[in-house]
There are 4 protein chains.
Amino acid sequence: MSVRGYTMNKDDYTKRLRRIEGQVRGIERMIDEDTYCIDVLTQVSAATKALQAVAVGLLDEHVRHCVKNAVADGDPETLETMVTEATRAIERLVRT
Amino acid sequence: MSVRGYTMNKDDYTKRLRRIEGQVRGIERMIDEDTYCIDVLTQVSAATKALQAVAVGLLDEHVRHCVKNAVADGDPETLETMVTEATRAIERLVRT
Amino acid sequence: MSVRGYTMNKDDYTKRLRRIEGQVRGIERMIDEDTYCIDVLTQVSAATKALQAVAVGLLDEHVRHCVKNAVADGDPETLETMVTEATRAIERLVRT
Amino acid sequence: MSVRGYTMNKDDYTKRLRRIEGQVRGIERMIDEDTYCIDVLTQVSAATKALQAVAVGLLDEHVRHCVKNAVADGDPETLETMVTEATRAIERLVRT
């Protein structure tokens with residue numbers, strides 16, 4: 001069992017991140033072309049939302065990985081660390 | 001194994017929630033006494049932060065419960081449902 | 001012109017905050033009755049969302065108040081302070 | 001007076017957005033190289049935070065622009081629209 005859990009969706013993550021990269025470049029262009037603040041903000045919110053969807057996906061995979069590890073009778077200390085890491089990541093995510 | 005996972009911290013949750021209740025009543029009083037918006041907003045942010053800490057605590061316990069269930073060789077379908085519920089809850093939390 | 005700007009909706013704020021107070025008490029009860037984590041989390045998310053709606057309302061009023069103050073030829077330094085306070089409040093809000 | 005308010009900081013916005021673009025490309029690379037979920041999440045949180053700082057900056061400028069417009073005796077209807085747009089943008093931002 002590998003350490004990361006999102007192997008199956010690698011392409012999906014890549015596609016989403018490329019789209020976000022394009023959105024960020026679009027925001028740069030908008031600012032360069034003196035677009036109205038509010039329209040720029042709409043794009044910034046869209047990119048932020050897209051990044052948060054990536055984060056939720058990664059957390060989902062991490063929790064599934066903790067569970068698989070537990071079913072496979074993994075080392076309790078490693079499991080404990082992984083769950084604590086999940087909580088810290090959720091905390092950071094909720095604060096951003 | 002009980003369905004909820006935060007039995008050990010019940011008192012802690014109760015204490016935190018009573019404090020939040022007090023904060024909300026404080027905000028009501030501030031508005032009643034025509035307190036400056038920005039000072040009211042500071043209190044609203046503090047109460048929101050305190051509620052989110054409760055949410056992170058509940059998620060932590062839920063994930064630990066998923067893991068315990070997995071170690072105890074729980075029903076795979078139940079486990080699957082619990083992990084999906086965790087992800088949906090994280091999603092709602094990130095969006096609020 | 002008074003310092004706060006939400007006089008007209010005082011009752012509305014009070015009603016919303018009383019409802020939030022009730023939601024928080026409901027969460028206390030749910031924890032006391034050992035309700036399933038995920039259901040408690042749904043309630044915590046609802047209360048958080050309601051608090052954030054109050055915050056957005058207060059920010060709206062504050063910005064309107066800045067504008068009224070500007071139209072009324074208010075002291076530039078006070079205006080500057082008020083706008084900076086709005087930004088700081090938005091920052092805190094986005095981080096919670 | 002131009003429609004956008006952040007002319008003075010155009011370079012600053014561009015620099016921040018280029019850095020965010022780099023962060024997003026870094027996340028793509030991390031996923032490609034099978035980096036541990038939690039480390040990827042740390043980077044996603046950092047990029048999200050950086051985007052939100054851009055959003056707060058744009059909102060600050062927009063509110064300052066509303067106030068300048070008000071001081072300059074701008075059209076009340078335009079002002080009203082601009083303030084409402086600020087509130088809607090704050091709402092979207094708080095929800096992401």
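Refer to the structure above for everything that follows.
Residues numbered from 1 in each chain as written. Chains lettered and ligands numbered in written order. Predicted model: local features only at pLDDT ≥ 70, side-chain atom pairs only at ≥ 80, totals over all residues. Heavy atoms only, no water.

Student: Sorry, what's going on with the interface of chain B and chain A here?
Tutor: You'll often see interface size given as the accessible area lost when the parts meet. The interface is formed by 19 residues belonging to chain B together with 19 residues belonging to chain A. Put simply, chain B and chain A have 2 salt bridges between them. The partner of A:E80 in a salt bridge is B:R64, and the shortest N-O contact between them spans 3.2 Å. Linking chain B to chain A there are 6 residue pairs in polar contact (both at pLDDT 80 or more). Considering only residue class, the side of chain B that touches chain A consists of 12 nonpolar, 3 polar and 4 charged. (Contact = heavy atoms within 4.5 Å. Salt bridge = Lys/Arg side-chain N within 4 Å of Asp/Glu carboxyl O. Polar contact = N/O pair within 3.5 Å; in protein donor to acceptor, adjacent residues only side chain to side chain. Nonpolar A, V, L, I, M, F, W, Y, C, P; charged D, E, K, R; others polar.)

Student: Sorry if this is basic, but what is going on with the relation of the copies chain B and chain A here?
Tutor: For the pair chain B and chain A, the best superposition has an RMSD of 0.0 Å and corresponds to a rotation of 180 degrees with a translation of 0.0 Å parallel to the axis. This pairing of chains is accounted for by a two-fold axis. In this assembly, 100% of the residues forming the interface of chain B have copies in chain A that are likewise at the interface, indicating an isologous arrangement. (Least-squares fit on C-alpha atoms with pLDDT ≥ 70 in both.)

Student: For this particular structure, what's the right way to read the interface of chain D and chain A?
Tutor: Facing the 45 residues of chain D at the interface are 45 residues of chain A. Across the interface of chain D and chain A, roughly 4,200 Å² is buried in total on both sides, 70% from carbon and sulfur atoms. Applying the counting criterion to the chain D and chain A interface returns 6 salt bridges. Here D:D34 makes a salt bridge to A:K10, at a shortest N to O gap of 2.9 Å. Sorting the residues of the side of chain D that touches chain A by element identifies helix 1 (10–32), helix 2 (37–71) and helix 3 (76–95) of chain D as the ones contributing at least two each. With 18 residues, helix 2 of chain D is the largest single contributor of residues to the side of chain D that touches chain A. (Buried area = accessible area lost by both parts, 1.4 Å probe. Helix = DSSP H or I, 4+ residues; strand = E, 2+ residues; numbered from the N terminus.)

Student: Please clarify how the pattern of salt bridges should be interpreted in this entry.
Tutor: When the charged atoms of two side chains with opposite charge come close together, those side chains can pair. Within this structure, the stated rule accounts for 32 salt bridges over all chains. Note that B:R64 is salt-bridged to B:D60, the shortest N-O span being 2.7 Å. Note that B:R64 and B:D60 are positioned in helix 2 (residues 37–71) at a spacing of 4 residues, about one turn of the helix. When the shortest N-O distance is used, the salt bridge between D:R25 and D:E21 registers 3.3 Å. Placement of both D:R25 and D:E21 in helix 1 is noted, with a separation of 4 residues, approximately one turn of the helix. A relative accessible area of 8% places D:E21 in the buried class. Here the salt bridges share partners, and the residues they tie into one network are A:E21, A:R25, D:E21 and D:R25. (Buried < 20%, exposed > 50% of the residue type's maximum accessible area, 1.4 Å probe, protein only.)

Student: What's the story with the environment of C:K15 in this structure? I'm lost.
Tutor: Relative to the elements of secondary structure, C:K15 occurs in helix 1 (residues 10–32). Separated by 76 residues in the primary sequence, C:K15 and C:E91 have C-alpha atoms spaced 26 Å apart.

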